[in-house]
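As a plain string of letters, each chain reads:
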Amino acid sequence: MKVVLVFVSTLNGKITRGDDPEVRTWSSVSDKKHYRRIWKNSNLVVMGSSTYTQNIIRPSKSRLIVVMTSRPELYSSRNIEGQLEFTSELPGQIVKRFSASGTKLMTVVGGSKIASSFLKASLVDELVLTIEPLIFGKGINLFYEDDFEVKLKLVDITRANEDGTLITVYKIKK
């Protein structure tokens, strides 16, 4: 199974503007269109509970959304079989479970702790990162501060608009 991280960040690696978790307020139209394409083509999406609660997530019969949380029991009433589930599984357990079921692609969309935990466990194959031509002095970093190092190889870059929004694709070197 291929595991792909998908994020948008500022030039200095922020995924929020200060304490505001709403990416849609500052990401470009180009990134929004790019993200919608990825979302539409993803049958399995993994995110953290903060990303889930801070966004409007509409379950769909065409995709399973897995929300990672240390307290899945808090969300038990929101579970929808085959569409939305909450789990306290570790990244390796999630990858193992869906690999065994024949899933071909897992898209990880947030947040920084979840992304870092997948990277630290060497489970990521590709990083798709939109870089917006913005700099925020305060905000959450793209990756959670932890003890890990990942080597990447740029395989594609697209200038998405006149302002200089870049859509980049990196392969994780293993």
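Each remark here, short or long, concerns the structure printed above.
Nothing here was measured: the structure is a model prediction, and the numbers come from that model.

**A word on the side chain of Thr165**
Working step 1: As for its position among the elements, Thr165 is in the loop between β7 (151-159) and β8 (166-173).
Working step 2: Here Glu132 takes part through its side chain, which lies 2.6 Å from a polar atom of the side chain of Thr165.
Working step 3: With sequence-adjacent residues up to four places away left out, Thr165 is seen in contact with Ser28, Thr130, Ile131, Glu132, Pro133, Thr158, Arg159 and Ala160.

**Details of the pairing of strand β1 (residues 2-10)**
Working step 1: Most of β1 is tucked away, with 8 of its 9 residues classed as buried.
Working step 2: As defined by bridge partners, β1 adjoins strand β6 (residues 126-132) across 7 bridges and the pair is classed as parallel. Bridged to Phe7 within β6 is Leu129.

**Let's talk about unusual backbone geometry**
Working step 1: Cis geometry is found at the peptide bond from Gly110 to Gly111, where omega equals 0 degrees.
Working step 2: Among the structural elements, Gly111 can be located in the loop between β5 (105-110) and α4 (112-120).
Working step 3: Positive phi, close to 55 degrees, is recorded for Ser122, a residue that is not glycine.
Working step 4: As for its placement among the helices and strands, Ser122 is situated in the loop between α4 and β6.
Working step 5: Note on Ser122: relative accessible area 53%, which makes it exposed.

Criteria and cut-off values
Residues numbered from 1 in each chain as written. Predicted model: local features only at pLDDT ≥ 70, side-chain atom pairs only at ≥ 80, totals over all residues. Heavy atoms only, no water. Helix = DSSP H or I, 4+ residues; strand = E, 2+ residues; numbered from the N terminus. Polar contact = N/O pair within 3.5 Å; in protein donor to acceptor, adjacent residues only side chain to side chain. Contact = heavy atoms within 4.5 Å. Buried < 20%, exposed > 50% of the residue type's maximum accessible area, 1.4 Å probe, protein only. Pairing = 2+ DSSP bridges.

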